[in-house]
Amino acid sequence: LLMRSNAIVVQTERDREWLGQIGGSALMNKSSALPNGVYSIQNKSTFVKVPTILFVTSFFDSHYGDIVKDFIRNVLPIIRHSIPDVRLILLGRGLEDQQELAELVENERGIQHLNYVSDLNDVYREAWIVYARVDKAYGIMNKVIEAYCYGRPVIGDASAFNGVEDSVKLGVGIVAHGPDDIAR
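What comes next concerns the included structure. (Residues numbered from 1 in each chain as written. Predicted model: local features only at pLDDT ≥ 70, side-chain atom pairs only at ≥ 80, totals over all residues. Heavy atoms only, no water.)

**What about the pattern of salt bridges?**
Thought 1: Tallied over the entire structure, the rule returns seven salt bridges.
Thought 2: One salt bridge in this structure joins glutamate 100 and arginine 73, with 2.7 Å as the shortest N-O distance. With glutamate 100 in helix α3 (residues 99-107) and arginine 73 in helix α2 (residues 62-82), this residue pair connects regions lying 27 residues apart in the sequence.
Thought 3: Using a relative accessible area of 44% as the deciding quantity, one classes glutamate 100 as partly exposed.
Thought 4: Judged by its relative accessible area of 43%, arginine 73 is partly exposed.
Thought 5: Its salt-bridge partner being arginine 80, residue glutamate 108 comes within 2.9 Å of it at the nearest N-O pair. Here the residue glutamate 108 occupies a position in the loop between α3 and β5 (111-114), and arginine 80 occupies one in helix α2, the gap between them amounting to 28 residues.
Thought 6: Given a relative accessible area of 9%, arginine 80 falls into the buried group.
Thought 7: Linked through salt bridges whose partners overlap, the residues forming this network are Asp66, Lys69, Arg73 and Glu100. (Salt bridge = Lys/Arg side-chain N within 4 Å of Asp/Glu carboxyl O. Helix = DSSP H or I, 4+ residues; strand = E, 2+ residues; numbered from the N terminus. Buried < 20%, exposed > 50% of the residue type's maximum accessible area, 1.4 Å probe, protein only.)

**Comments concerning helix α1 (residues 13-29)**
An α-helical segment advances 3.6 residues per turn. Residues three or four places apart therefore align on the same side.
Thought 1: Here α1 contains 17 residues, and its C-alpha end-to-end distance of 12 Å is more than 12% below the 24 Å for a straight helix at 1.5 Å per residue.
Thought 2: Where α1 bends most, the angle comes to about 140°, and this point is glycine 23.
Thought 3: Looking only at α1, the buried set comprises Arg16, Leu19 and Leu27.
Thought 4: Looking at the buried residues of α1, the elements they touch are β1 (8-10) and β2 (31-33). (Expected span 1.5 Å × (residues − 1). Bend = angle between axes of the 7 residues up to and from the residue. Contact = heavy atoms within 4.5 Å.)

**Considerations on the sheet that holds strand β7 (residues 154-156)**
Thought 1: Reading across from one edge, β5-β4-β3-β6-β7-β8 is the order of the six strands in this open sheet, with parallel pairing throughout. Unpaired on one side and paired on the other, β5 and β8 (173-175) mark the two borders of the sheet. In this sheet, adjacent strand axes meet at a mean angle of 20° when their direction is disregarded.
Thought 2: Taken together, the three bridges between strand β3 (residues 52-56) and strand β6 (residues 129-132) define a ladder with parallel strand orientation. Paired with isoleucine 53 across the two strands is isoleucine 129, which belongs to β6. (Pairing = 2+ DSSP bridges. Axes fitted to C-alpha atoms, helices over the stretch in contact; angles between N-to-C directions.)

**Let's talk about the environment of alanine 160**
Thought 1: Following the sequence through the fold, alanine 160 ends up in the loop between β7 and α6 (166-170).
Thought 2: On a C-alpha basis, the gap between alanine 160 and glycine 173 in space is 8.9 Å, while along the polypeptide they are 13 residues apart.
Thought 3: Those residues in contact with alanine 160, other than ones at most four positions away along the chain, are Ala132, Val134, Met141 and Val144.

**What about a nonpolar patch on the surface?**
Thought 1: A surface patch of nonpolar side chains, about 300 Å² in accessible area, is lined by Leu2, Trp18 and Ile22.
Thought 2: For isoleucine 22, the location among the structural elements is in helix α1.
Thought 3: When its relative accessible area of 47% is taken as the criterion, isoleucine 22 is described as partly exposed. (Patch = residues over 30% accessible without salt bridge, like charges linked within 9 Å, V, L, I, M, F, W, Y side chains within 5 Å. Areas by Shrake-Rupley, 256 points an atom, 1.4 Å probe, with all protein chains shown as cover.)

The following block contains the structure:
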């Protein structure tokens, strides 16, 4: 069956080597390793010079706008006490529909809003950490999975880690409640 296949996808390079052992170069040449089922990101450097928090959300729902306002007003000042030059990147559409929040973002130093990006590589590479407050108890959060694909830790409420609860046990996911807990 493998010999008749046009392409073979395996999870690791070790799996590809095994294919070479059982079928020679014919199998090895038509195989590709796709680690953990996601595209392997070629990240030349994970060192970020400017401390940056990435917050991916939709501003179409005023609830999430309120979460962002709360973060800017109550969490960011605590973080800036320890890290004065921290940047906040807000990624999501609909900010223009929330006038109060749009003005807050415009007038607060060190905050960059990106309405849309066609390629998330650079955005995630710039982040030290990703903040993901979700407030819903169902479904896996793509933004959390994406952050992990880029090797970025995530701070969020418990629902941010639906389906990836072990990441909290491993320390790459951090459940936090309240401004002081989030900022630490």
